[in-house]
Amino acid sequence: MYASIKSFASSFFVTGDPLIYGADVSIGLTTVAILFVLFYFKKWGWLWREWLTTVDHKKIGMMYLIASLLMLFRGGVDALLMRAQLAMPNVHFLQAEHYNEVFTTHGTIMILFMAMPMMFGLFNMVVPLQIGARDVAYPYLNAVSFWLFFFGAMLFNISFVIGGSPDAGWLSYPPLSEMSHSPGVGQNFYIWGIQISGIGSLATGINFIVTILKMRAPGMKLMKMPMFSWSVLSSSIIIIFAFPILTVTLALLFIDRFLGGHLFTMDGGGNPMMYVNLIWMWGHPEVYIVVLPAFGIFSEIVATFSRKRIFGYKSMVFALMSISILSFFTWVHHFFTMGAGADVNVFFAIATMAIGIPTGAKVFNWLFTMFRGRIRLEQPMLWTLAFIPCFVVGGATGVMLAVAPADYQYHNSYFLIAHFHQVLIGGVVFGYLAGIYYWWPKLFGFKLNERLGKWAFWLWNIGFYVCFMPQYALGFMGMTRRVYTYGWDLGWGPLNLVSTIGAFLMGIGFVFQVWQILYSVKYGERDTTGDPWNGRTLEWSIPSPPPMYNFAVVPYAGEQDSFWEEKERRDFAPAPPVPVAQLEAIHMPRNSGVPFIFSACWFVAGFGFVFDWLWMAILGMVGVGVTLLVRSFQYDTDYYVPVEEVIETEIAAGRAI
Amino acid sequence: MQHATSHSHSNGAGAHTHSHDHGHHDQESMKVLGFWIFLVTDCLLFGTLFATYVVLKAHTDGGPTGKELFEIPGFVAETFILLTSSFTSGLAVLAMNRKKVNQLIGWLIVTVLLGAAFVGLEINEFVNMVHEGATISTSAFLTAFFVLVGTHGLHVSVGLIWMIALMVQLKMRGVTPVTQRKITVISLYWHFLDVVWIFLFTIVYLMGVM
Ligand code: HEM
Ligand SMILES: [Cu+2]
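Along each chain, the written sequence defines residue order, and numbers are assigned to residues from 1. Key to labels: chains lettered from A, ligands numbered from 1, both in the order written. Local features are withheld for residues below a pLDDT of 70 in this predicted model, meaning they are given only at 70 or higher, and side-chain atom pairs are given and counted only at 80 or more; totals for whole chains, interfaces and linings count all residues. Hydrogens are left out, water is left out, and the side-chain values use all remaining heavy atoms of the structure.

Looking at an unreviewed UniProt entry, chain B carries the name Cytochrome bo(3) ubiquinol oxidase subunit 3, with the source organism given as Paenibacillus albus. UniProt, in the comment section headed Function (unreviewed entry), describes chain B in these words: "Cytochrome bo(3) ubiquinol terminal oxidase is the component of the aerobic respiratory chain of E.coli that predominates when cells are grown at high aeration. Has proton pump activity across the membrane in addition to electron transfer, pumping 2 protons/electron." Under Sequence similarities (unreviewed entry), UniProt gives the following word-for-word description of chain B: "Belongs to the cytochrome c oxidase subunit 3 family." UniProt positions are given in the numbering used here, feature names are shortened, and annotations may be inferred rather than shown by experiment.

With an unreviewed UniProt entry as reference, chain A is termed Quinol oxidase polypeptide I, source organism Paenibacillus albus. UniProt's Sequence similarities (unreviewed entry) comment on chain A is quoted here verbatim: "Belongs to the heme-copper respiratory oxidase family." Per UniProt, chain A has the following entry under Subcellular location (unreviewed entry): "Cell membrane".

Residues and elements named next belong to chain A. Taken together, 23 residues lie near ligand 1, and Y99, H106, W170, H421 and R482 sit nearest. At 2.8 Å from an oxygen atom of ligand 1 is found a main-chain nitrogen or oxygen belonging to W170. Looking at the shell around ligand 1, the elements that each hand over two or more residues are α4 (57–86), α5 (96–130), α14 (414–444) and α16 (493–523). Think of it this way: any DSSP run of H or I at least four residues long counts as a helix, any run of E at least two long counts as a strand, and we number them from the N terminus. Examining the composition of the shell around ligand 1, we find that seven residues originate from one element, α14, more than from any other. Near, as used in this document, describes a residue that has one of its heavy atoms within 4 Å of the molecule or strand being considered. Definition of a polar contact: a pair of N or O atoms within 3.5 Å, with one able to donate and the other able to accept a hydrogen when the atoms are protein atoms, and with sequence-neighbouring residues admitted only if both atoms are side-chain atoms.

Attention now goes to the interface of chain B and chain A. Whether two residues touch is decided by their heavy atoms; if any such pair falls within 4.5 Å, the residues are in contact. Across the contact, 45 residues belong to chain B and 40 residues belong to chain A. Both sides together, the interface formed by chain B and chain A hides about 3,600 Å², and carbon and sulfur atoms give 71% of it. A pair is scored as a salt bridge if a Lys or Arg side-chain nitrogen falls within 4 Å of a carboxyl oxygen belonging to Asp or Glu. At the boundary of chain B with chain A, the tally comes to zero salt bridges. A per-element tally of the side of chain B that touches chain A places helix α2 (residues 27–56) of chain B first, with 17 residues. Just so you know the grouping, Ala, Val, Leu, Ile, Met, Phe, Trp, Tyr, Cys and Pro go in nonpolar, Asp, Glu, Lys and Arg go in charged, and all remaining residues, Gly too, go in polar. The residue inventory of the side of chain B that touches chain A, partitioned by class, reads 20 nonpolar, 20 polar and five charged. In short, buried area is how much 1.4 Å probe accessible area vanishes from two parts on joining, totalled over both.

Each pair of packed helices can be summarised by the angle the axes make with each other and by the distance between the axes. All names here are of chain A. Angles run from 0 to 180 degrees between N-to-C directions of axes, and those axes are lines fitted to C-alpha atoms, restricted for helices to the stretch in contact. Packing of helix α6 (residues 139–158) against helix α7 (residues 186–214) leaves a shortest axis separation of 8 Å and a crossing angle of 160°. Between α6 and α7, the angle falls in the class roughly antiparallel. Between α6 and α7 lies a crossing whose hand is left-handed. Along its contact with α6, which presents L141, N142, S145, L148, F149, G152, L155, F156 and I158, the element α7 presents F189, Y190, W192, G193, I196, S197, I199, G200, A203, T204, N207 and F208. Tallied by class, residues from the contact of α6 with α7 come to 13 nonpolar, eight polar and no charged. Here the word oblique covers every angle except those under 35 degrees (roughly parallel), over 145 (roughly antiparallel) and from 65 to 115 (roughly perpendicular). Should the near helix be turned counterclockwise from the far one by less than a right angle, the crossing is left-handed, whereas a clockwise turn marks it as right-handed.

So, on to the UniProt feature "domain: Heme-copper oxidase subunit III family profile" (unreviewed entry) in chain B. The positions that UniProt labels "domain: Heme-copper oxidase subunit III family profile" (unreviewed entry) are, in the present scheme, residues 33–209 of chain B. Helix makes up 86% of residues 33–209 of chain B and strand makes up 0%, while its end C-alpha atoms are separated by 39 Å.

This part takes up the packing of helix α8 (residues 227–259) of chain A against helix α9 (residues 272–306) of chain A. Residues and elements named next belong to chain A. Packing of α8 against α9 brings their axes to within 8 Å, and their N-to-C directions diverge by 160°. Viewed along their axes, α8 and α9 adopt a mutual orientation that is roughly antiparallel. Viewed along their axes, α8 and α9 form a crossing whose handedness is left-handed.

Right, let's talk about empty space enclosed by the protein for a bit. Residue and element names in this part refer to chain A. A cavity here means a set of points on a 1 Å grid, drawn over the protein atoms and nothing else, where a 1.4 Å probe fits but cannot get out; a pocket is an open set with protein on both sides within 12 Å along at least five of seven lines, and a residue lines either one if it has an atom within 4 Å of a point. Grid points are joined across faces, edges and corners, and a volume is the space filled by probe spheres set on the points. For the structure shown, the criterion picks out six cavities of 30 Å³ or more. Estimated volume of the largest cavity: approximately 80 Å³. Considering every element that reaches the lining of the largest cavity, the biggest residue donor is α9, with three residues. Taken together, the residues of the lining of the largest cavity sort by class into six nonpolar, three polar and three charged.

The following block contains the structure:
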């Protein structure tokens, strides 16, 4: 009995590495601390009512944001571990297997559990406000999406201490990810963590398409809509076309592993290259899913801080839409070396380069918007300016990679690593950070401290170039990706050391940002106007933080940048208060605990599948079915905020007379 | 106008009317639109499975082929039953538009029975194949086959449970804007599964036995 428990525990809990014991201890301590605070301050009711059951898009947005910052930390620690390992030749700080696990979890977490939720956080925090809506199209589904992401991410993350992490790379290519090569549970964690959160992402895509198409304020024609909302629309369109492919691909891989299928195996007639095609049919569009909203953010910021209307609005919209279509015709550039033949490679090389045209058009539009503008260098604008050169270089090296014959040289080298980090950090991360700095005062009611922000900005930027420029050179010197150590004789040592220093500078930049947030919570400049940046779009017309129903009176938005135009007419005077007589009862959705429980059931099912414990998987799936039925039988799902409450709230915000 | 009716369920009084409520969008029709978009994603899901099947169709690895396994009377009967059920679900929607609750529920029952018969036949087909030694792990072709056809069967089974739940709700509440939207949605879903089956019938079964 004792012996069997012991042998179970030794395979269930990951052992043998001081790092992991450290993680065990810190996870345990954090959990105890959180539980203690909740019990001691009797916060359970508050937590449940205000957060776990909320369907308010602004709160859901904040939860996405917090979760994604935590994931940025986790992914960042992984990155620093790898850079520490590679800092010098012949280091044995991480063993080979451990290195494989770290680059796999780093890539997966950064893309799926950091970039995606940070993007969804911004969608949620901004889109309804920007289009003058009181909510998203399906608030309940929105909560489901968040909790699916949350539990999916948790499932993926516990693989670090329970069962063991995946180690077949962030795209889990077979045969490495098949039973024959990865018999442990790591790949199962990968499959189910992503699968569960991916269903949530798909639902968010549907939600925002309908929100943007159907819930715009009266007068806001599509061609009058703010650029960020346009970018969300195009990103959501890519989501609904790309994510079903991911869902199927992961399900098929799971069938191979769980039921002994032969879809992608080396034997039984399976075809591993089929998996590689499928995963990149999702994977390449995925890159555009995360980068297009960043483009939208830059467009808003450039216009606001140059005090000019965005240059070439129509061409911006056209560029977004053509990128979203073209993104589906480039996937083969990830494996030009597959051996598909010159004609196939040429098609995909040309399609890839074609994307450079609309992207370049956007860069010129931003530059022309700034040209002769009255530019203010506040934090959001700083990150936008830093983005432009970074993205131009990243784009240029991308075109180099797209030259099919040359790719035989760069393929899987450090050149590639440098390129995609340049676009992912320079484009996506800088973009979302700019967006967070920009919209933070709207959602939280205070600005983030400028001085600490500047420190973070310079550390990130300098660190970035110090880290990744040497990697282009290392690529040419023959260093390939996913090597865990190298010898003195290769001469890669000095550049790797420089690169590691840069990575740690970025890490310090992140610490400054955390400090900046904590500091600003207490001392940050409060925003009493609702319009701290002298903004152009509707979200700046309401108080910060916005009341639960957003707009007391649904605005009319007949022009592009209608809030700005209105202010111009009023000579920059703040919005006049709303006469109480105009206020009415407001229709709102009710909170619900079902999304949380439903997603927790998915977690249980996923955990069961990971460990091949059928009873647990069935229990979870039954829970999923029952919660769906429970929701189907609920009819009392919304209510009216009474006029008196609306009046009170508006008076408290100084907005009603 | 529609909302006034649907909300009167939730608070009994139905005191508010639509004229009060600017910026309140027609939620029932919006939900139907969302469902259409969901169907687009489901199309892609099946599209990906079909693509996998077509790529792996010839990869039998020395195991049995479709020609040896598929039995014409079986899949022809399945096709016939499913097409009929699509028709009866259409009749259910017609009854709903004329506000005839009992007739509506009646046609839904017929649809559920036909759907259940379809699933039964499919399970029977799978069991027979497994007895002949053609299992999901026999070859890439068979994995792709079971996954593709099984996913469709799973969709049908989910639809059955869903339809039964809706019948209970119809009994409890009658035809309201909300139940009306729910029935519209499931009938869309049901027709969609029918269309998918036509592709299955052609690409998997007909081309398999040819
Ligand atoms: C913040 C600084 C970052 C540093 C220092 C860093 C560093 C690294 C390193 C050292 C590798 C492994 C290279 C190898 O040996 O193959 C790697 C891989 C990767 N990184 Fe990052 N990274 C950072 C941020 C990001 C971000 C923000 C993203 C995505 C949004 C990202 C996505 C990836 C991906 C997808 C891989 C490939 C993993 C694989 O090979 O399976 N990284 N990164
Ligand atoms: Cu690509």
